[in-house]
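# Summary of the model geometry
Here are the chains, one letter per residue:
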Amino acid sequence: MKPKIIAFDADDTLWHNEPFFDEAQEKFCALFQNYASHQEILQIILSHQVKNLPLYGFGIKAFTLSMVESGLDLTNQQISGHVIEKILQIGKDLLLKPVELLPDVEEVLKELKGKYKLIVATKGDLKDQHRKLHDSGLGHFFHHIEVMSDKAEVDYTKMLGRLDIQPNDFMMIGNSLKSDVLPVLNIGGFGVHIPYHTTWAYERIDFEIEHENFKAIANVKEVLSLL
């Protein structure tokens, strides 16, 4: 693997994220525990999130709107303003979570900086992702920051066009096989998967990837041995 540009996903690749969403969902389930089972409530939230992706996209604000709609469903449109206020607070609390770097991230970025052009390629709320990057203290390592509306093949192709780089000179590193790896492999780039201990259901796939440009590693420090 000899890329010229190395891109890192942000959430659950550079810093912790999904556990905060899991915690938020637990708070939501507690609010509506008398209306449905825990698993049923989680499924309703996921259903609204997936349905709303074309309208709201990814991120905390989209998640909060989907929680409100889930509350309306669970109460047969009888949800009170007080409960809606509690749901909105769950979303606001997410936006205020501290940024906790994953182990060895800063060390690896220090090693790579100057040898490669480094970028962040992530999804989510533009303002929130820039806030997290600022709070992380990692911004100075990166040549470019891309907050994408989605991570499909067309999105990566457009991004590489703006960066004037060919796919075979591009490596994407992230925790999602669905968003960080498969689309990049399909356009001719390199995809590196670093698993995180929990993954949003929407980002899971149910098959093995076999591709000459694909590598699975246990932690971010192993990136250095690939180059």
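Preceding this section is the structure that the text describes.
Now for a description of the structure that goes with this document.

Basis of the calculations
Residues numbered from 1 in each chain as written. Predicted model: local features only at pLDDT ≥ 70, side-chain atom pairs only at ≥ 80, totals over all residues. Heavy atoms only, no water. Salt bridge = Lys/Arg side-chain N within 4 Å of Asp/Glu carboxyl O. Helix = DSSP H or I, 4+ residues; strand = E, 2+ residues; numbered from the N terminus. Buried < 20%, exposed > 50% of the residue type's maximum accessible area, 1.4 Å probe, protein only. Contact = heavy atoms within 4.5 Å. Polar contact = N/O pair within 3.5 Å; in protein donor to acceptor, adjacent residues only side chain to side chain. Pairing = 2+ DSSP bridges. Axes fitted to C-alpha atoms, helices over the stretch in contact; angles between N-to-C directions. Core = buried A, V, L, I, M, F, W, Y, C linked by side-chain atoms within 4.5 Å.

### Considerations on the pattern of salt bridges
Evaluation of the coordinates by the stated rule reveals 13 salt bridges. Glu 107 is the salt-bridge partner of Lys 221, the closest N and O atoms lying 3.4 Å from each other. Residue Lys 221 is found in the loop between strand 6 (214-216) and helix 9 (223-226), and its partner Glu 107 is found in helix 5 (residues 105-112); the two are separated by 114 residues along the sequence. Its relative accessible area of 38% is what places Lys 221 among the partly exposed residues. Of the charged contacts in the structure, one is a salt bridge between Arg 131 and Asp 128, with a shortest N-O distance of 2.9 Å. In this pair, Arg 131 and Asp 128 are both assigned in helix 6 (residues 126-136), three residues apart and thus about one turn of the helix distant. Of the residues examined, Arg 131 reaches a relative accessible area of 22% and is grouped as partly exposed. Through salt bridges with shared partners, a single ionic network connects Asp 11, Asp 128, Arg 131, Lys 132 and Asp 135.

### Structural notes on helix 8 (residues 177-186)
Across the ten residues that make up helix 8, a large majority, eight, are buried. Listed as buried for helix 8 are Leu 177, Ser 179, Asp 180, Val 181, Leu 182, Pro 183, Val 184 and Leu 185. Along its buried surface, helix 8 packs onto strand 2 (117-123), helix 7 (153-163), strand 4 (170-174), strand 5 (190-193) and strand 6. Of the residues that open helix 8, the one with a side-chain oxygen 3.4 Å from the backbone nitrogen of Lys 178 is Ser 176. Positive phi shows up at Gly 188, right after helix 8, with a value of about 105°.

### Some thoughts on the sheet that holds strand 4
Two orientations exist for strands paired in a sheet by backbone hydrogen bonds: parallel and antiparallel. With respect to topology, six strands assemble into an open sheet ordered 3-2-1-4-5-6, the strand pairing being parallel. The open sheet has two free edges, formed respectively by strand 3 (144-148) and strand 6, since each of these has just one partner strand. Looking at each pair of strands side by side, their axes are set apart by 20° on average, direction ignored. One ladder, built from four bridges, connects strand 4 with strand 5; its direction is parallel. For Met 171, the partnering residue across the bridge sits in strand 5 and is Phe 190.

### Notes on the nonpolar core
Judged by nonpolar contacts, the single largest core of 26 residues is most densely connected at Phe 8, Leu 14, Leu 109, Leu 138, Phe 142 and Ile 173. Secondary-structure elements contributing two or more residues to this core are strand 1 (5-8), helix 5, strand 2, strand 4, strand 5 and helix 9. Counting residues per element, this core draws most heavily on helix 5, at four residues. Once you skip the residues sitting within four places of it in the chain, Leu 109 turns out to touch Phe 8, Leu 118, Leu 138, Phe 141 and Phe 142. In this structure, Phe 21, Ala 24, Phe 32 and Leu 94 belong to the second largest nonpolar core, which totals 20 residues.

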